[in-house]
Amino acid sequence: MAAEKDTDVNKRDRRGTVCNVVISQESETGGGGDGQPPIIFNPDFFVEKLRHERAEAFTELVLSNVTRLLDLPGAEFSQLLGEEEPKTPNGTAAAGFFRSFNFLKRKDKGVVFGMPLTEEGIAQIYQLIVYLSKNLHVEGLFRVPGNSLRQQTLREQLNGAADIDFSSGDFHPNDVATLLKSFLGELPEPLLTQRHLHAHLKITELTTFDEQGNKTSFPDKERQIEALQLLLLLLPTANRTLLKLLLDLLYHTAKQQDKNKMSAHNLALMFAPHVIWPKNMNASDLQENLKKLNSGMAFLIKHSQKIFRAPAYLREHARLQFANTKIIHSKDDLELLTVSGVACKRSGAHMGLDAENHTEEALRELYRHVTDNMPHSAKKKKLIRQLGKQSTPGTPGTPGTPVSENTTPTSKKHARSRSFGGLIKRKVLGSQPATDRRVRHVSPPGKENISCEPAR
């Protein structure tokens, strides 16, 4: 009884670990040859918040940037949106459509192979990925086929939702690697989905431009990575999670190619048919697109540590959506925002001197206004005294100059009063702090209404 409870707990932990979060986009240490599983983390907070709380706005934003990078004609764009049934290159959609409903014929619970992706299915397959991550040194991994009988035994255990004991030595890494490929190949549609096929083909065609603005034959890796970052955000959550797990595994496999003899190109040849190739592709279509599909898969493996990050401008847009400030929508907006920020920092050094001069000039103007326009009164005397104390002695007729007309020594001021000069400086400069920190006093608000308007 206790053993059954432990098994249930392990299943729940594994399912929660793999399926409720996304693989780390920042670290390149996950799934390495040290036997540690890939590092799991919650993705960019504001991007995911935008996706879940404002799904329509999120999709529209991503699609607008996808079309900025890729030329997708009407039919291909409609297919990406899901408004049209995905068609295989040979023009037949029916076979793939009915194939996707084959799982309805199965009545067994816990079946993994041949079924649409689920959290439970990914949790089972994750056991294979963890085991393989500890055996990346095996020569010919993913290329050399395993034993068919052992694979069948392992398949049945996975379909039965069992926890596999790989430490028993019953299975060889080649058995597990071949079964992982079989799982991907038996999915109702490719892991990258049929809807995204044409967009992935267009990404492989992105090239740089020369000084005259003409296209060259050199791939534009920066734009390709950006396009993939956007496109993968449109994948279903389960597809995106498993794709990240798989690409992390293949990335670290390629890093040990000196031992296993499996480069990113070799791995792409093994996995492109299961990850990106559409179902029911005929020979002529395959021949036409084979190079693009294989190179696209190799690019995914090589740059797997970058393509699952949202582009910087998208992260900033998502953050600003919830910060109630200026919204940016694309890479161009982010660059403009950065340039303006640098310009503000450069001009900040001059603002202090200009502000100080502006303050003195405003005080002199206010002093002249009070002395020339206000009638003789106690109020005028008080204003003149207060203005005369706000700056160092200057020229006649300016604040700071000794005033002999009707002036009397100031008496002790109320403890709750505020600096009149400070009020003037705050009025002129907004929220900038006054340079003179000496406390000046006027009567408390409500006892005397100080006005700078001309007397009528």
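A. Summary view of the overall build of the protein. Each helix and strand in the protein was counted, giving 18 helices and 4 strands. Looking at the protein as a whole, 43% of its 456 residues are labelled buried. Restricting the contact set of the protein to residue pairs at least 6 apart, pairs at least 24 apart contribute 72%. Of the roughly 24,600 Å² that the protein leaves accessible, carbon and sulfur atoms contribute 53%.

B. Summary view of unusual backbone geometry. We note that F142 has phi near 80 degrees; this positive angle belongs to a residue other than glycine. Structurally, the position occupied by F142 is in the loop between α6 (119-133) and α7 (148-159). By relative accessible area, F142 is classed as buried at 0%.

C. A look at the packing of helix α8 (residues 173-185) against helix α11 (residues 237-255). At a closest axis distance of 13 Å, the pairing of α8 and α11 adopts a crossing angle of 145 degrees. Relative to α11, α8 is oriented so that their crossing is left-handed. Facing L180, F183 and L184 of α8, the residues of α11 in contact are L242, L246 and L249. Across the contact of α8 with α11, the residue classes break down as 6 nonpolar, no polar and no charged.

D. Quick peek at the packing of aromatic side chains. Per the stated rule, a full pass over the model turns up 6 aromatic pairs. Ring geometry for F46 against F322: centres 6.1 Å apart, planes inclined by 25 degrees, an arrangement best described as stacked. Here the residue F46 occupies a position in helix α2 (residues 45-53), and F322 occupies one in the loop between α15 (312-321) and α16 (331-373), the gap between them amounting to 276 residues. Judged by its relative accessible area of 24%, F322 is partly exposed. With a centroid separation of 5.7 Å and an interplanar angle of 90 degrees, the aromatic rings of F113 and F183 are classed as edge-to-face. Here F183 lies in helix α8 and F113 lies in the loop between α5 (94-99) and α6, a separation of 70 residues in the sequence. Judged on exposure class, the residue F113 and its partner F183 are both buried. The structure contains a cluster of three or more aromatic residues connected by ring pairs, namely F45, F46 and F322. Over the aromatic face of F322 sits the side chain of K49, whose NZ or CZ is 5.0 Å from the ring centroid.

E. Structural detail: helix α14 (residues 283-302). The terminal C-alpha atoms of α14 lie 28 Å apart, and with 20 residues this matches the ideal 28 Å at 1.5 Å per residue to within 8%. At N289, α14 shows its maximal kink, close to 55 degrees. What α14 keeps buried is the set D285, N289, L293, N294, G296, M297, A298, F299, L300 and I301. Tucked inside the fold, the buried residues of α14 contact α9 (197-203), α10 (221-232), α11 and α13 (264-275).

F. Layout of the environment of R364. Within the element layout of this structure, R364 appears in helix α16. Classification of R364 by relative accessible area gives partly exposed; the value is 28%. Between the C-alpha atom of R364 and that of G388, which follows or precedes it by 24 residues, the distance is 9.7 Å.

G. Molecular detail of α10. Over its 12 residues, α10 runs 16 Å from end to end, which matches the ideal 16 Å to within 8%, given 1.5 Å per residue. With 9 of 12 residues buried, α10 lies mostly within the body of the structure. All buried positions along α10 are accounted for by Q224, I225, E226, A227, L228, Q229, L230, L231 and L232.

H. Looking closely at the nonpolar core. In terms of nonpolar packing, the biggest core is built from 85 residues, with F142 and M297 touching the most fellow members. Beyond its immediate sequence surroundings of up to four residues, F142 is in contact with L132, A177, L180, K181, L249, L250, T253, L267, M270 and F271. Counting 8 residues, the second-largest nonpolar core is a separate cluster that includes L363, Y367, M374 and I384.

I. The pairing of strand β4 (residues 215-219), seen in detail. Of all the 5 residues making up β4, 0 are buried; the element is thus mostly uncovered. Between strand β3 (residues 207-209) and β4, which pair antiparallel one after the other, the connecting turn spans 5 residues, and G213 there sits at a positive phi close to 85 degrees.

J. Representation of the side chain of Q224 in the model. Relative to the helices and strands, Q224 is located in helix α10. The exposure class of Q224 is buried, given its relative accessible area of 5%. Ignoring sequence-local partners within four residues, the contact set of Q224 consists of I203, T204, L206, P219 and F299.

K. Molecular detail of the pattern of salt bridges. With the rule as written, the count across this model stands at 10 salt bridges. Note that K49 is salt-bridged to E53, the shortest N-O span being 2.8 Å. Of this pair, K49 and E53 both sit in helix α2, 4 residues apart, which is roughly one turn of that helix. In this structure, D248 engages K244 in a salt bridge whose closest nitrogen and oxygen atoms are separated by 2.7 Å.

L. View of the side chain of S304. Tracing the chain through its elements places S304 in the loop between α14 and α15. Within the local environment of S304, its side chain forms a polar contact with the side chain of Q305, the two groups lying 2.9 Å apart. With residues up to four places along the chain from it excluded, the contact list for S304 reads K244, L247, D248 and Y251.

M. Looking closely at the confidence of the model for the protein. Summing up the model confidence of the protein, the mean pLDDT is 74 and the portion of residues at 70 or higher is 62%. Across residues 391-398, confidence stays below pLDDT 50; counting only partners more than four residues off in sequence or on other chains, it has 15 contacts. Taken as a whole, residues 400-418 scores under 50 in pLDDT and shows 30 contacts with residues more than four places along the chain or in a different chain.

N. Examining the environment of L250 more closely. Tracing the chain through its elements places L250 in helix α11. Note on L250: relative accessible area 0%, which makes it buried. Put simply, L250 and S133 are 117 residues apart on the chain and 9.1 Å apart in space, counted from C-alpha to C-alpha. Apart from residues lying up to four places away in sequence, L250 is in contact with F142, L267, F271, M297 and I301.

Analysis parameters
- Throughout, residues of each chain are indexed from 1 in the direction in which the sequence is written.
- For this predicted model, a pLDDT threshold of at least 70 governs which residues receive local features, and a threshold of 80 or more governs which side-chain atom pairs are given and counted, while totals over whole chains, interfaces and linings are taken from all residues.
- No hydrogens and no water enter the side-chain calculation; it runs on all heavy atoms of the structure.
- Helix and strand assignments follow DSSP, with helices taken as H or I runs no shorter than four residues and strands as E runs no shorter than two, numbered in order from the N terminus.
- Relative accessible area decides the class of each residue, using a 1.4 Å probe on protein chains only: under 20% of the type maximum gives buried, over 50% gives exposed, and in between gives partly exposed.
- It only takes one pair of heavy atoms within 4.5 Å for two residues to be counted as in contact.
- Reported accessibility uses the Shrake-Rupley method at a 1.4 Å probe radius. Residues are deemed covered only where the shown protein chains occlude them.
- Fitted lines through C-alpha atoms serve as axes, helices being fitted only where they are in contact, and the angles separating the N-to-C directions of these axes extend from 0 to 180 degrees.
- Crossing handedness follows the turn of the near helix against the far one: under a right angle anticlockwise gives a left-handed crossing, and clockwise gives a right-handed one.
- Classes in brief: Ala, Val, Leu, Ile, Met, Phe, Trp, Tyr, Cys and Pro nonpolar; Asp, Glu, Lys and Arg charged; the others, Gly included, polar.
- What counts as a ring pair is set by centres within 6.5 Å for rings of Phe, Tyr and Trp (its six-membered ring), and what kind of pair is set by the plane angle: stacked under 30 degrees, edge-to-face over 60, tilted for all other angles.
- Geometrically, a charge over a ring is one whose NZ (Lys) or CZ (Arg) sits within 6 Å of the ring centre while staying within 35 degrees of the ring normal.
- Each residue after the first adds 1.5 Å to the expected span of a helix.
- Given a residue, its bend is the angle between the two axes fitted to the seven residues that end at it and to the seven that start from it.
- In this description, a nonpolar core means a group of buried Ala, Val, Leu, Ile, Met, Phe, Trp, Tyr and Cys residues linked to one another through side-chain atoms lying within 4.5 Å.
- Pairing between strands requires that DSSP locate at least two bridges from one strand to the other.
- We define a salt bridge as a contact between a side-chain nitrogen of Lys or Arg and a carboxyl oxygen of Asp or Glu at a distance within 4 Å.
- In the analysis that follows, any N or O atom pair within 3.5 Å is treated as a polar contact, provided that within protein one partner can donate a hydrogen and the other can accept it, and provided that, for residues neighboring in sequence, both atoms belong to side chains.
- Per residue, pLDDT measures the predictor's confidence, with a range of 0 to 100.

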